[in-house]
Amino acid sequence: MSIDAAHLPSRTALTEDSWRHARRIAIASVLGLATAKLMGWPYGAFFAFYPIVLVGLVRPLNPGVVLQFVGSSAVSILVAQVLIILSDVAPLLAVLAFFAFAAHCFRMMALERWVLFHALAILSTSVLAHLASYPQVAPDDLYTAQFIATVLAVVVSGFTHAVLPERRSSTPEPRAKPPAIVHHQMLLGAICATVSYVAFQLLDLRDSLSAQAASVLVLFPMTLSGGRWAACTRVIGTLLGSLYALTLQVVLYTHASHVPLLLTLYAAGVTWFATWHVREDAGPAVGLSAATAVAVLIGQLVPSADLYGISLYRFVSVAIAVTTMLLCIYLTQAALNSFAATRLDQAKEFVANGPQSTPSYDLQDQGAGVASSCPQLPRKVIQMEEHVIVDSSFTAIINAPIEKIDIPSWCFSLPDKEYQGCSPAHFAAGATTSEDGRRMSINVEVLGGVPMVQHYVEQIAEPHRLVLDSVSDLFTPSGRTTILVMWELSVEPLDAGRCTFTNHVRSRATEGFLDYLARQGIPFELFRDQRKPISTAHNKQETPFFAASIERYALRAARQG
């Protein structure tokens, strides 16, 4: 990612765990859609859509997730019905009620409390209130389908997790935000969501379910730059999903009522896009948008439907909706920045100083056994408050006995060409020494368009564990700056002939980098949220290739020795 702009996420190598995740998404959605088709239930799009959201965005499945997911459905039905009643009595009162509900949801999302519950609640409420406002729609049928679809999504998701259990941990870090950011994000989301609500109430857009949902989804980043990224990925994903649905219609021709054939072709498409989604490893990006587009189109397909016209209308309406919403976000953000209590510039103090509860970082506290006067990492830098940008770990199997592994020897003799072959983002590697004689690995890579030079200095060098630290240079469009990077490589025995390799990367902001962000008025948390998916995806991509390189080195050394 560029420091100044968000780019589309790159796709990483497909690992065994990510392939399991993709299959869970596809199986859950197919089971939901198949149930709706076989039972003849209306609103089949709900039954195909919700399993993709639940399995695609949440892992692992636990009672708390289930409570939030089902609870959001019940609350959205209740609020939507209240809004329908109010709109018949006093439309202005309905608008005010929706704004209050939206403000509560976006405030809780900004504070990162029950995010799944509040995100789905505002999304579902917007969709249900829109659909239920048309006289030809029976609210009871709509609400029943909504609730059954969410409960069924939990059931099929539980089944897929039982068959293909999640083996990775997911522990998001709690984050504190200053009041200015919370107020800004809350009002930005609430105002723009209310504009969407009013527009879809006033205009006859009964076939614009996807556009209504898209206009709310692009608000979830709660920033203009995040909204641009969400809008771009949603439009591209919708286009890809619509094209696949059109291809499916051509293949089906007059056999749209043939459920087994329909489900087989649907399963192929959802599996493809689910695989795209897990390889992006960037949340609701292109892959997930494409999968949900196919789910909605095929979910509402009937034998007499003109899928060509529906697909074209869906894509155009989504593009118009997200473009209009971006304009709304831009204008709203400009207005909010006019007031001190909601001005994003108030976040500069947060960027410069960080949350006061964040612990300090000292290599000695981590058992590194190095002097605090290390020339590469001055004590002033080491003891600064942590501003973690990325902390990610991935594993891969090395098919060699652990006694043959020597990670430091591999690292400090890694050929430049072999380093380049471990990732498209790798450009050069070399070895040298620091001023005090410790070994160093110099790596040049480009992540998201930003060239980086890593000056890794050994801190712990054992055959089965190597810890390196670097004050890394970043060459951005706005100038040169630095961040701190810790790179830890380790192996543990798996059996007599194999071991598990772990690639752990942890990056943190330097004081100079915080000043760099503050000069541009960029909140640290905003940079972190945009940088994290790209850095994590890169780590995930390079890990199996590093493992293979270490394996070759170990086996070659064993043959020679």
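Residues numbered from 1 in each chain as written. Predicted model: local features only at pLDDT ≥ 70, side-chain atom pairs only at ≥ 80, totals over all residues. Heavy atoms only, no water.

## Describing the environment of Ser441
Spelled out, the test is: Note on conventions: DSSP H or I runs of at least 4 residues are helices, E runs of at least 2 residues are strands, and numbering of each starts at the N terminus. Whether two residues touch is decided by their heavy atoms; if any such pair falls within 4.5 Å, the residues are in contact. As used in this structure description, the phrase polar contact means that two N or O atoms lie within 3.5 Å; if the pair is within protein, one of them must be able to donate a hydrogen and the other to accept it, and residues adjacent in sequence are counted only when both atoms belong to side chains.
In this structure, Ser441 sits in strand E3 (residues 439-447). Taking C-alpha positions, Ser441 is 9.1 Å from Leu414, a pair spaced 27 residues apart along the chain. The contacts of Ser441, once residues within four sequence positions are left out, are Cys411, Phe412, Gly430, Gln454, His455 and Tyr456. A polar side-chain atom of Ser441 sits 3.1 Å from a polar atom in the side chain of Asn443.

## Overview of the packing of helix H5 (residues 115-132) against helix H8 (residues 209-217)
Any two packed helices are characterised by the angle at which their axes cross and by the distance between the axes. Put simply, the test is: Helix axes use the C-alpha atoms of the stretch in contact, all axes being lines fitted to C-alpha atoms, and the angles between their N-to-C directions lie in the range 0 to 180 degrees. We call two directions roughly parallel when the angle between them is under 35 degrees, roughly antiparallel when it is over 145, roughly perpendicular when it lies between 65 and 115, and oblique otherwise. Handedness of a crossing follows from how the near helix is turned relative to the far one, being left-handed for an anticlockwise turn of less than a right angle and right-handed for a clockwise one.
Across the interface, H5 lies against H8 with an axial gap of 9 Å and an inter-helix angle of 150 degrees. Considering their axes alone, H5 and H8 lie roughly antiparallel with respect to each other. The two elements H5 and H8 cross, and the hand of that crossing is right-handed. In this structure, H5 contributes Ile122, Leu123, Ser126, Val127, His130 and Leu131 to the contact, and H8 contributes Leu209, Gln212, Ala213, Val216 and Leu217.

## Overview of the packing of aromatic side chains
Operational definition: Pairing of aromatic rings covers Phe, Tyr and the six-membered ring of Trp, with a centre-to-centre limit of 6.5 Å; geometry is then stacked below 30 degrees between planes, edge-to-face above 60, and tilted otherwise. Residue burial is assigned from relative accessible area. The probe radius is 1.4 Å, only protein chains are included, and a residue is buried under 20% of its type maximum, exposed over 50%, and partly exposed in between.
If you walk through the whole model with that rule in mind, you get 17 aromatic pairs. Note on Tyr43 and Phe46: the rings are 5.7 Å apart at their centroids and 15 degrees apart in plane angle, and the pair reads as stacked. Owing to a relative accessible area of 27%, Tyr43 belongs among the partly exposed residues under this scheme. When the ring of Trp487 is compared with that of Phe546, the centres are 5.7 Å apart and the planes differ by 40 degrees; the resulting orientation is tilted. Residue Trp487 is found in strand E6 (residues 479-495), and its partner Phe546 is found in helix H18 (residues 524-560); the two are separated by 59 residues along the sequence. There is no split in this pair, since Trp487 and Phe546 are both buried. Joined through ring pairs, the aromatic side chains of Tyr43, Phe46, Phe49, Tyr50 and Phe69 make up one cluster.

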